[in-house]
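Survey of secondary and tertiary structure
Spelled out from the first residue to the last, the chains are:
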Amino acid sequence: MSSINVTEVDVDPQEKVKYTKQDLTWSLSMFGTAVGAGVLFLPIRAGLEGFWPLILIAALVGPMTYFSHRALARFVLSSKNAGSDITDVVEEHFGKAAGLLITFFYFFAIYPIVLIYGNAITNTIDSFIVNQLAMPAVPRWLLSGVLVAMMMGVMILGRRLMLVATELLVYPLVLILFGMSVYLIPSWSFEAMSFSNIPETGTLLAVVYLTIPMLIFSFNHSPAVSSMALAQREAHGDNAVAKSDIILKRASVMLLGFVMFFVFSCVLALTPEQLMEAKQQNLPVLSYLANVFESPLISVMGPLVAFLAIFSSFFGHYLGAKEGLAGIVKKASPKTVESLGEKKFNTLLVAFFFFSVWGVAIINPSVLGMIESLGAPFIAAILFLMPMYAIKKVPSMRKYDGALSNIFITVMGVIAISAIVKGLF
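Residues numbered from 1 in each chain as written. Predicted model: local features only at pLDDT ≥ 70, side-chain atom pairs only at ≥ 80, totals over all residues. Heavy atoms only, no water.

Under an unreviewed UniProt entry, the name given to the chain is HAAAP family serine/threonine permease, and the organism recorded is Pseudovibrio japonicus. Looking at the chain in UniProt, the text filed under Subcellular location (unreviewed entry) is "Cell inner membrane". (UniProt positions renumbered as here; feature names shortened; annotations may be inferred.)

Let's talk about the overall build of the chain
Tallying secondary structure elements over the chain gives 17 helices and zero strands in all. Here the C-alpha atoms of the chain give a radius of gyration of 21 Å, agreeing with the 22 Å that 2.2 N^0.38 yields for 425 residues. C-alpha extents for the chain along the principal axes are approximately 60 × 55 × 45 Å. At a minimum sequence separation of 6, the contacts of the chain that also span at least 24 residues come to 83%. As presented, the chain carries roughly 18,300 Å² of accessible surface, and 65% of it is formed by carbon and sulfur atoms. (Helix = DSSP H or I, 4+ residues; strand = E, 2+ residues; numbered from the N terminus. Rg over C-alpha atoms; globule rule 2.2 N^0.38 Å. Contact = heavy atoms within 4.5 Å. Areas by Shrake-Rupley, 256 points an atom, 1.4 Å probe, with all protein chains shown as cover.)

Observations concerning the environment of Arg398
With respect to the secondary-structure elements, Arg398 resides in the loop between helix 16 (367-393) and helix 17 (404-424). By relative accessible area, which is 46% here, Arg398 ends up partly exposed. Between the C-alpha atoms of Arg398 and Ile129, which are 269 residues apart in sequence, the distance is 55 Å. Excluding residues within four positions of it along the chain, Arg398 makes contact with Ile391, Lys392 and Lys393. (Buried < 20%, exposed > 50% of the residue type's maximum accessible area, 1.4 Å probe, protein only.)

Concerning the side chain of Thr122
Here Thr122 shows up in helix 5 (residues 96-132). Ignoring sequence-local partners within four residues, the contact set of Thr122 consists of Arg140, Leu143, Ser144, Leu147 and Ala361.

Things to note about the packing of helix 3 (residues 52-76) against helix 9 (residues 225-236)
It is at 9 Å that the axes of helix 3 and helix 9 come closest, and there the two elements cross at 55 degrees. In terms of orientation, helix 3 and helix 9 fall into the oblique class. Relative to helix 9, helix 3 is oriented so that their crossing is right-handed. Contacts between helix 3 and helix 9 involve His69, Leu72, Ala73 and Val76 on the former and, on the latter, Val225, Ser226, Ala229 and Leu230. Across the contact of helix 3 with helix 9, the residue classes break down as six nonpolar, two polar and no charged. (Axes fitted to C-alpha atoms, helices over the stretch in contact; angles between N-to-C directions. Parallel < 35°, antiparallel > 145°, perpendicular 65-115°, else oblique. Left-handed = near helix turned anticlockwise from the far one by under 90°. Nonpolar A, V, L, I, M, F, W, Y, C, P; charged D, E, K, R; others polar.)

Remarks on the pattern of salt bridges
For the structure shown, the criterion picks out five salt bridges. Of the charged contacts in the structure, one is a salt bridge between Asp245 and Arg74, with a shortest N-O distance of 2.7 Å. One end of the pair, Asp245, is in helix 10 (residues 240-269); the other, Arg74, is in helix 3, with 171 residues separating them in the sequence. Of the residues examined, Asp245 reaches a relative accessible area of 1% and is grouped as buried. Given a relative accessible area of 9%, Arg74 falls into the buried group. Note that Glu91 and Lys331 form a salt bridge whose closest N and O atoms lie 3.4 Å from each other. Here the residue Glu91 occupies a position in helix 4 (residues 86-94), and Lys331 occupies one in helix 13 (residues 296-332), the gap between them amounting to 240 residues. Judged by relative accessible area, which is 35%, Lys331 ranks as partly exposed. (Salt bridge = Lys/Arg side-chain N within 4 Å of Asp/Glu carboxyl O.)

Below you can see the structure in the form of structure tokens.
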């Protein structure tokens, strides 16, 4: 697997930055934002072609995750105004038109994830009801409507309470995900993976190319980066970049270790044929494991972990998408918002999200297809390419120019965006 040196921080060598308990909390917050539907579908995409592509994937994903999120945090911190979020920074550096465009891209980087979560949680609960509880299936329109209403209804209890609850879920999720990975070790089958059958270079690269959008989606925690970077600026001033770097580095290490161990464990416990069946059933890998393993523990814990991971990650993305859409409408048509009033405008936003998420959950499109064709390309545009463009164009970012990691991140971003073109053909 790839490794990330966590003993060094990319700052002035005379400045020493210590990693504190508060920093660990932020790193766990980044971890919790990333662990969602993407991680639960990653083993299916990454393991379809056997074991060896996983080695190259594991070598790429650590640097991809750290360098891209580090660049985004540095972009947020490049603003002259201490309280500017990502859309404010874009407007400051590139003008109002670009600000609106990036706000639009930012919304479409998060909105498909909200749609995916509504669909994924419906499939997870439906599979649990039919396979584990041995009960008749609930009509999909009803089940999906109740689940989406429940997830969005939690917001009524209060945003702060919801954020505290999701933060608390991170800790058991880390332990359970690790526990599930260890529990699967006795079920590993090295014969099914055909270790002796090393694919040709072209085939290997083609598999990795198809998996990169999924990697970007699965390890993405960009929705939490802006607030983290601003909090470091408020607490540490000029040391904010150094603090953000080390927080993101530790978060990337945690994600690399936990997620790739989980991926390897799942892939080694299932055959490529079973992974293909899971893809066709449009299920998270844990729900599929619960259906094929005769184990009471997996039967209960698999769907439970899938439910908690999707449920906890839904809120942050829903908030980000809702705020992004509100920003687009307010910038594009401020008089419309003013005439409606804030309360009615907010109600319309909630209605839009409820009916669109519910509609997609009823239709039940391929989750992997949505991730690769919608979610990942927009995330790549914001997370991978925009900061690289800023490094070349924004004076306060030019000090980061010339690094080899910039070329690496640009190439990975272009590959992910090309998924849209691939999907069209």
